[in-house]
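Fold and geometry: a report
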Amino acid sequence: MNYRNSLLALAIASGLSAAPAAQAVDLGTYNDTSFSIGGYLKAEGIFEDPETGDSRFFGRANQSRFNLKTVTQKQGHTVVGFVEGDFYGGDYPGEDNDWRLRHAFIKIDNATVGQTWTGQFWAVAHTDYLDFLGGPRGTLGGLNFRTTLASYEFAGFRVTAQDPVYNDADLPDLAVNYTLNSESGHKLILTASGREVDNGDFVAGGAIGTRIMLGRHSLNLNAHHGEGLGAFSGVGVGGSLSGDVENGDAVSQTGVNAGFRYVFNDQWRANIAYTKVEVDDQAETDYEAHRVNLIHNIIPELEVGVEWRKYNLAFGPLIPEGQQVEVMAKYSF
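All figures in this text were calculated on a predicted structure; none of them were measured in a lab. (Residues numbered from 1 in each chain as written. Predicted model: local features only at pLDDT ≥ 70, side-chain atom pairs only at ≥ 80, totals over all residues. Heavy atoms only, no water.)

Among the structural elements, Arg 216 can be located in the loop between strand S12 (202-214) and strand S13 (217-227). Taking the relative accessible area as the measure of exposure, Arg 216 reaches 43% and is therefore partly exposed. Sequence-wise, Arg 216 and Asp 266 are 50 residues apart; in three dimensions their C-alpha atoms are separated by 10.0 Å. Residue contacts for Arg 216: discarding those within four places in its chain leaves Val 263, Phe 264, Asn 265 and Asp 266. A distance of 2.7 Å separates polar atoms of two side chains, one belonging to Arg 216 and the other to Asp 266. (Helix = DSSP H or I, 4+ residues; strand = E, 2+ residues; numbered from the N terminus. Buried < 20%, exposed > 50% of the residue type's maximum accessible area, 1.4 Å probe, protein only. Contact = heavy atoms within 4.5 Å. Polar contact = N/O pair within 3.5 Å; in protein donor to acceptor, adjacent residues only side chain to side chain.)

Here it is as structure tokens:
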């Protein structure tokens, strides 16, 4: 598992659909297979005010992405193929504009094989955020990466076996999600996670996520507890990005995340979120994050926004401890 190519993995798929494309342009159907392309172009400018060091302003556009989706319906089966890439490759994601493979999977009816979101990703009820790097940190989508896996969905359950984070593991990493959706838009997600950690122990943890609809608005709540979860939350031993073992023993952590999404009308929405994670390590690692944003849809496909955020732990070299203000424009197709 290469974490250098994992830190910038997460961008929210609208409604957490099976294929990560929220919009697409249909190209047509040929020999029982339909083709579509999708993605978006995003430009952002960020003012950074770290706790130590000098402030700076910088811009980038490498979050932009493209995907191709195929759907074949034949002999009673539905086969979906999906491939997507962005420009966050290179020696360290975000330092250059190299092309990077994000997703490459096949979905046959209810089974999925290939490279896509980990099973832990599906544990989270997300609030809108503009920070592509650190926004969901502290949830089980916080250090989210796409990995090679096999999953199966049935009766609200999703069972996933995936390439282990610990390279010498004897077993795949595992996740079981159960999602309950109501007609009014409420959502409940229960997740069990298990994996072998660096000391050879197989450890487990769990999470609960919920979306409560309040008219057009929503309250999103997430909580997790257990061992082996730093690899997914992005908050690990000693403030690391993924450590789950200290002095030969597995270390547990507890995290909570709360976000509120307020919809003014069809063009304007705002979000506020708070995250806290406590790690049961010798350093008593304590992570806190705050975020407020305002997003405006000029047309359904084009949105602009501004976000203020503050983190008390660095998220790799690209997000230091401190505050950031981001302005962005995103055109989806």
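Glancing now at a nonpolar patch on the surface. A surface patch of nonpolar side chains, amounting to about 1,000 Å² of accessible area, comprises Phe 47, Phe 57, Tyr 262, Phe 264, Trp 268, Ile 272, Val 292, Leu 294, Val 306, Trp 308, Val 325 and Val 327. For the nonpolar patch, the elements supplying multiple residues, two or more each, are strand S17 (268-279), strand S18 (286-299), strand S19 (302-311) and strand S20 (322-332). Within the secondary structure, Val 325 sits in strand S20. (Patch = residues over 30% accessible without salt bridge, like charges linked within 9 Å, V, L, I, M, F, W, Y side chains within 5 Å. Areas by Shrake-Rupley, 256 points an atom, 1.4 Å probe, with all protein chains shown as cover. Salt bridge = Lys/Arg side-chain N within 4 Å of Asp/Glu carboxyl O.)

Position of Trp 122 among the secondary structure elements: in the loop between strand S7 (111-117) and strand S8 (146-154). Take Trp 122: its relative accessible area is 9%, and that puts it in the buried class. Note: C-alpha distance between Trp 122 and Leu 190 (68 residues apart in sequence) is 9.5 Å.

Further remarks concern the packing of aromatic side chains. As enumerated under the stated definition, the model contains 15 aromatic pairs in all. Relative to Phe 105, the ring of Phe 82 has its centre 5.5 Å away and its plane inclined at 20°; by these criteria the two rings are stacked. Of this pair, Phe 82 sits in strand S5 (residues 77-86) while Phe 105 sits in strand S6 (residues 100-108), and the two are 23 residues apart along the sequence. Neither Phe 82 nor Phe 105 differs from the other in exposure class; each is buried. (Phe/Tyr/Trp six-rings, centres within 6.5 Å; stacked < 30°, edge-to-face > 60°.)

Right, let's talk about the nonpolar core for a bit. If you look at the biggest cluster of nonpolar residues, it comprises 17 residues, and the most contacted ones within it are Leu 133, Tyr 287 and Phe 315. Secondary structure elements with two or more residues in this core: S17 and S18. Judged by nonpolar contacts, the second largest core, of nine residues, contains Ala 123, Val 124, Phe 145 and Ala 231. (Core = buried A, V, L, I, M, F, W, Y, C linked by side-chain atoms within 4.5 Å.)

The subject of this paragraph is the side chain of Arg 269. Note that Arg 269 resides in strand S17. The exposure class assigned to Arg 269 is buried, which follows from its relative accessible area of 13%. A polar atom in the side chain of Arg 269 sits 2.6 Å from the side chain of Asp 128.

Here we take up unusual backbone geometry. In this model, Asp 32 sits at a positive phi of 70°, which is unusual for a non-glycine residue. Looking at the secondary structure, you find Asp 32 in the loop between strand S1 (25-30) and strand S2 (33-50).

Along the chain, the position of Gln 120 falls in the loop between S7 and S8. Overall, Gln 120 belongs to the buried group, its relative accessible area being 0%. Engagement of the side chain of Gln 120 in a polar contact is seen with the side chain of Ser 193, the distance being 2.9 Å. In this structure, Gln 120 is in contact with Leu 140, Gln 162, Leu 174, Ala 175, Ser 193 and Phe 232, ignoring residues within four places of it in sequence.

The next point concerns the confidence of the model for the protein chain. Caution applies to low-pLDDT parts of the model: their predicted coordinates are not meant to be read in detail. Scored by pLDDT, the protein chain has a mean of 91; 92% of the residues are at 70 or more. Across residues 1-21 the pLDDT falls below 50, and counting only partners more than four positions away or on other chains, this stretch makes 71 contacts in the model. (pLDDT = per-residue confidence, 0-100.)

This part covers the pattern of salt bridges. Opposite charge on two side chains lets them pair, provided their charged atoms get close. Evaluation of the coordinates by the stated rule reveals 22 salt bridges. With a shortest N-O distance of 3.1 Å, Arg 56 and Glu 48 are connected by a salt bridge. A residue is classified by how much of its surface remains accessible, and Arg 56, at 39% relative accessible area, is partly exposed. Classification of Glu 48 by relative accessible area gives buried; the value is 4%. Put simply, Glu 307 and Arg 291 hold a salt bridge, and the shortest N to O gap is 3.7 Å.

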